[in-house]
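Observations on the model geometry
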Amino acid sequence: MKAVSELLAKASAVAVVMVLVGLLKNLAADNPLPLIYSPPQTVELMGVEVQLIDEKAAFKFFHKPTTVFIDSRKYSDYARSHVQGAIHLAPEDVERKVQLLDGMISEESRLILYCYGPECDMAEKVALFLAQMGYKQMIIMTAGFPKWEKSGYPVQSVQFKGADDSAPDGSKIKYQSEQHVHVSIRRLCSLTKCQKTS
(Lines give C-alpha, C1' and ligand atoms only; values in the text may rest on other atoms or scores of the structure.)
Protein backbone atom coordinates (compact mmCIF):
# COMPACT_ATOMS: atom_id res chain seq x y z
CA MET A 1 0.00 0.00 0.00
CA LYS A 2 2.90 2.29 0.85
CA ALA A 3 4.43 1.63 -2.60
CA VAL A 4 1.21 2.73 -4.34
CA SER A 5 1.11 5.96 -2.31
CA GLU A 6 4.73 6.71 -3.18
CA LEU A 7 4.06 6.01 -6.86
CA LEU A 8 1.03 8.34 -6.87
CA ALA A 9 3.03 11.09 -5.13
CA LYS A 10 5.84 10.81 -7.70
CA ALA A 11 3.36 10.81 -10.60
CA SER A 12 1.64 13.91 -9.17
CA ALA A 13 4.98 15.68 -8.77
CA VAL A 14 5.94 14.88 -12.37
CA ALA A 15 2.54 16.13 -13.58
CA VAL A 16 2.92 19.42 -11.68
CA VAL A 17 6.42 19.95 -13.08
CA MET A 18 5.20 19.23 -16.64
CA VAL A 19 2.30 21.69 -16.27
CA LEU A 20 4.67 24.39 -15.03
CA VAL A 21 7.10 23.73 -17.90
CA GLY A 22 4.22 23.96 -20.38
CA LEU A 23 2.94 27.22 -18.90
CA LEU A 24 6.41 28.78 -18.92
CA LYS A 25 7.02 27.67 -22.51
CA ASN A 26 3.65 29.13 -23.54
CA LEU A 27 4.46 32.48 -21.87
CA ALA A 28 7.84 32.61 -23.64
CA ALA A 29 6.31 31.92 -27.08
CA ASP A 30 5.95 34.70 -29.67
CA ASN A 31 2.23 33.99 -30.01
CA PRO A 32 1.12 32.38 -26.72
CA LEU A 33 -2.17 30.55 -26.38
CA PRO A 34 -4.68 32.32 -24.13
CA LEU A 35 -5.05 30.64 -20.75
CA ILE A 36 -8.78 31.35 -20.68
CA TYR A 37 -10.89 30.94 -23.82
CA SER A 38 -12.79 33.99 -24.95
CA PRO A 39 -15.12 33.67 -27.94
CA PRO A 40 -14.46 35.78 -31.03
CA GLN A 41 -16.02 39.25 -31.09
CA THR A 42 -16.29 39.50 -34.88
CA VAL A 43 -16.30 37.38 -38.00
CA GLU A 44 -15.35 38.51 -41.49
CA LEU A 45 -17.77 37.62 -44.30
CA MET A 46 -16.86 38.65 -47.84
CA GLY A 47 -14.75 41.52 -46.52
CA VAL A 48 -17.50 42.73 -44.16
CA GLU A 49 -16.70 42.66 -40.46
CA VAL A 50 -19.76 41.30 -38.64
CA GLN A 51 -19.95 41.86 -34.90
CA LEU A 52 -20.98 38.90 -32.69
CA ILE A 53 -23.10 39.88 -29.68
CA ASP A 54 -25.33 38.33 -27.02
CA GLU A 55 -29.03 38.97 -26.41
CA LYS A 56 -28.39 41.76 -23.88
CA ALA A 57 -26.32 43.77 -26.36
CA ALA A 58 -28.91 43.10 -29.09
CA PHE A 59 -31.70 44.42 -26.89
CA LYS A 60 -29.84 47.75 -26.58
CA PHE A 61 -30.48 48.20 -30.33
CA PHE A 62 -34.10 47.00 -30.21
CA HIS A 63 -35.79 50.43 -29.96
CA LYS A 64 -33.46 52.14 -32.44
CA PRO A 65 -35.47 52.99 -35.58
CA THR A 66 -32.71 51.92 -37.98
CA THR A 67 -32.39 48.43 -36.47
CA VAL A 68 -33.94 45.47 -38.29
CA PHE A 69 -33.98 42.01 -36.72
CA ILE A 70 -33.76 39.09 -39.17
CA ASP A 71 -34.85 35.63 -38.04
CA SER A 72 -33.08 32.91 -40.03
CA ARG A 73 -34.73 29.90 -38.35
CA LYS A 74 -37.30 27.57 -39.97
CA TYR A 75 -40.56 29.36 -40.76
CA SER A 76 -42.60 27.17 -38.39
CA ASP A 77 -40.37 28.29 -35.48
CA TYR A 78 -40.54 31.91 -36.64
CA ALA A 79 -44.34 31.68 -36.83
CA ARG A 80 -44.52 30.21 -33.32
CA SER A 81 -42.46 33.04 -31.78
CA HIS A 82 -39.81 35.53 -32.87
CA VAL A 83 -38.25 38.87 -31.89
CA GLN A 84 -41.00 41.46 -32.13
CA GLY A 85 -40.94 43.05 -35.59
CA ALA A 86 -38.36 40.61 -36.99
CA ILE A 87 -38.36 39.69 -40.67
CA HIS A 88 -38.09 36.02 -41.63
CA LEU A 89 -35.20 35.26 -43.99
CA ALA A 90 -33.98 31.65 -43.85
CA PRO A 91 -30.89 30.41 -45.74
CA GLU A 92 -32.87 28.07 -48.00
CA ASP A 93 -34.98 30.89 -49.48
CA VAL A 94 -32.83 33.98 -48.93
CA GLU A 95 -32.22 34.45 -52.68
CA ARG A 96 -35.94 34.56 -53.41
CA LYS A 97 -36.96 36.70 -50.44
CA VAL A 98 -34.09 39.19 -50.50
CA GLN A 99 -35.67 40.76 -53.57
CA LEU A 100 -38.67 41.65 -51.40
CA LEU A 101 -36.32 43.68 -49.20
CA ASP A 102 -34.52 45.36 -52.10
CA GLY A 103 -34.92 49.11 -51.79
CA MET A 104 -36.89 48.81 -48.56
CA ILE A 105 -34.02 48.58 -46.09
CA SER A 106 -31.73 51.57 -46.33
CA GLU A 107 -27.96 51.32 -46.28
CA GLU A 108 -28.02 52.92 -42.83
CA SER A 109 -30.09 50.03 -41.44
CA ARG A 110 -28.41 47.90 -38.80
CA LEU A 111 -29.31 44.26 -39.47
CA ILE A 112 -29.28 41.96 -36.43
CA LEU A 113 -29.49 38.33 -37.52
CA TYR A 114 -30.20 35.38 -35.27
CA CYS A 115 -31.12 31.71 -35.31
CA TYR A 116 -31.20 28.98 -32.64
CA GLY A 117 -28.02 29.72 -30.69
CA PRO A 118 -24.22 29.45 -30.70
CA GLU A 119 -24.13 26.09 -32.51
CA CYS A 120 -26.40 27.33 -35.33
CA ASP A 121 -24.86 28.75 -38.51
CA MET A 122 -28.09 29.77 -40.28
CA ALA A 123 -27.72 33.47 -39.35
CA GLU A 124 -24.14 33.43 -40.61
CA LYS A 125 -25.25 31.90 -43.95
CA VAL A 126 -27.86 34.64 -44.41
CA ALA A 127 -25.31 37.31 -43.39
CA LEU A 128 -22.86 35.92 -45.95
CA PHE A 129 -25.48 36.23 -48.70
CA LEU A 130 -26.42 39.76 -47.56
CA ALA A 131 -22.72 40.74 -47.54
CA GLN A 132 -22.53 39.59 -51.17
CA MET A 133 -25.56 41.81 -51.86
CA GLY A 134 -23.71 44.81 -50.42
CA TYR A 135 -25.15 45.08 -46.90
CA LYS A 136 -22.41 46.16 -44.50
CA GLN A 137 -23.99 46.95 -41.11
CA MET A 138 -24.71 43.46 -39.85
CA ILE A 139 -24.56 41.96 -36.38
CA ILE A 140 -25.16 38.33 -35.40
CA MET A 141 -26.87 37.66 -32.08
CA THR A 142 -24.98 34.45 -31.35
CA ALA A 143 -27.01 33.69 -28.22
CA GLY A 144 -29.96 33.01 -30.52
CA PHE A 145 -33.69 33.36 -30.07
CA PRO A 146 -34.01 30.96 -27.09
CA LYS A 147 -31.86 33.29 -24.94
CA TRP A 148 -33.77 36.36 -26.16
CA GLU A 149 -37.08 34.77 -25.23
CA LYS A 150 -35.78 33.44 -21.89
CA SER A 151 -34.60 36.97 -21.00
CA GLY A 152 -38.17 38.24 -21.34
CA TYR A 153 -37.47 40.56 -24.28
CA PRO A 154 -40.33 41.43 -26.69
CA VAL A 155 -41.56 38.54 -28.86
CA GLN A 156 -44.52 37.97 -31.12
CA SER A 157 -45.98 35.18 -33.23
CA VAL A 158 -47.60 34.94 -36.64
CA GLN A 159 -51.34 34.39 -36.43
CA PHE A 160 -51.87 32.92 -39.91
CA LYS A 161 -53.65 29.63 -40.51
CA GLY A 162 -51.46 26.92 -41.94
CA ALA A 163 -48.20 28.35 -40.61
CA ASP A 164 -46.63 24.92 -40.49
CA ASP A 165 -43.61 23.59 -42.39
CA SER A 166 -45.43 20.30 -42.93
CA ALA A 167 -48.25 21.82 -45.05
CA PRO A 168 -48.81 19.50 -48.02
CA ASP A 169 -48.44 22.00 -50.87
CA GLY A 170 -45.92 24.43 -49.35
CA SER A 171 -47.27 27.34 -51.43
CA LYS A 172 -49.48 28.52 -48.59
CA ILE A 173 -46.44 28.94 -46.33
CA LYS A 174 -44.54 30.90 -48.93
CA TYR A 175 -47.46 33.25 -49.56
CA GLN A 176 -48.10 33.81 -45.87
CA SER A 177 -44.41 34.32 -45.15
CA GLU A 178 -44.10 36.89 -47.96
CA GLN A 179 -47.27 38.63 -46.77
CA HIS A 180 -45.78 38.90 -43.28
CA VAL A 181 -42.50 40.22 -44.73
CA HIS A 182 -44.45 42.95 -46.59
CA VAL A 183 -46.27 43.93 -43.38
CA SER A 184 -43.00 44.05 -41.43
CA ILE A 185 -41.30 46.04 -44.19
CA ARG A 186 -44.15 48.59 -44.28
CA ARG A 187 -43.74 49.02 -40.51
CA LEU A 188 -39.97 49.31 -40.89
CA CYS A 189 -40.22 51.82 -43.72
CA SER A 190 -42.57 53.99 -41.70
CA LEU A 191 -39.82 54.14 -39.07
CA THR A 192 -36.77 54.56 -41.34
CA LYS A 193 -38.30 56.62 -44.18
CA CYS A 194 -37.07 54.23 -46.86
CA GLN A 195 -38.58 54.31 -50.33
CA LYS A 196 -40.02 51.32 -52.14
CA THR A 197 -38.76 51.01 -55.70
CA SER A 198 -41.13 49.76 -58.37
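What comes next is a walk through the structure. Quick caveat, the model's predicted, so the values are computed rather than measured.

1. Let's talk about the pattern of salt bridges
All told, the structure shown has six salt bridges when counted by the stated rule. Here D121 and K125 are joined by a salt bridge, their closest N and O atoms 3.8 Å apart. Among the charged side chains, a network of salt bridges with common partners joins D93, R96 and K97.

2. As for the packing of helix α4 (residues 94-101) against helix α5 (residues 122-132)
Between α4 and α5, the shortest axis-to-axis distance is 11 Å and the interhelical angle comes to 55°. Taken together, the axes of α4 and α5 lie oblique to each other. Regarding α4 and α5, the two cross each other, and that crossing is right-handed. For the pair formed by α4 and α5, the contact residues are V94, E95 and V98 on the first element and V126, F129 and L130 on the second.

3. Some points on α4
Taken together, the buried positions of α4 are V94, K97, V98, L100 and L101. When α4 is viewed along its axis, its buried side chains cluster within an angular range of 145° and face the same direction. Across from the buried face of α4, at angles greater than 90 degrees, the exposed residues are E95 and Q99.

4. A short note on the nonpolar core
Among the nonpolar cores identified, the biggest contains 25 residues, and I70, L89, I105, L111, L113, L130 and M138 are the most heavily contacted of them. Mapped by element, the contributors of at least two residues to this core are β2 (48-53), β3 (67-71), α4, β6 (110-114), α5 and β7 (138-141). Counting residues per element, this core draws most heavily on α5, which supplies seven residues. Judged by nonpolar contacts, the second largest core, of 17 residues, contains A58, V83, I139 and V158.

5. Quick notes on the environment of Q132
Looking at the secondary structure, you find Q132 in helix α5. C-alpha separation for the pair Q132 and M46, spaced 86 residues apart in sequence, amounts to 6.6 Å.

6. Some words on a nonpolar patch on the surface
A contiguous nonpolar surface patch, about 610 Å² in accessible area, is contributed by V16, V19, L20, L23, L35 and I36. Within the fold, V16 resides in helix α1 (residues 2-28).

7. Remarks on unusual backbone geometry
Notably, M46 is not glycine yet its phi reads approximately 55°, a positive angle. Within the secondary structure, M46 is located in the loop between β1 (42-45) and β2.

8. Description of the state of the cysteines
Tallying each qualifying case throughout the model produces one disulfide. Residue C115 pairs covalently with C120 via a disulfide, S to S 2.4 Å. Disulfide C115 to C120: torsion about the S-S bond roughly -135°, handedness left-handed.

Definitions and limits used
- Residues numbered from 1 in each chain as written.
- Predicted model: local features only at pLDDT ≥ 70, side-chain atom pairs only at ≥ 80, totals over all residues.
- Heavy atoms only, no water.
- Salt bridge = Lys/Arg side-chain N within 4 Å of Asp/Glu carboxyl O.
- Axes fitted to C-alpha atoms, helices over the stretch in contact; angles between N-to-C directions.
- Helix = DSSP H or I, 4+ residues; strand = E, 2+ residues; numbered from the N terminus.
- Parallel < 35°, antiparallel > 145°, perpendicular 65-115°, else oblique.
- Left-handed = near helix turned anticlockwise from the far one by under 90°.
- Contact = heavy atoms within 4.5 Å.
- Buried < 20%, exposed > 50% of the residue type's maximum accessible area, 1.4 Å probe, protein only.
- Arc of directions from axis to C-beta.
- Core = buried A, V, L, I, M, F, W, Y, C linked by side-chain atoms within 4.5 Å.
- Patch = residues over 30% accessible without salt bridge, like charges linked within 9 Å, V, L, I, M, F, W, Y side chains within 5 Å.
- Areas by Shrake-Rupley, 256 points an atom, 1.4 Å probe, with all protein chains shown as cover.
- Disulfide = S-S within 2.5 Å.

Without other data, these values stay purely geometric and don't point to any function.
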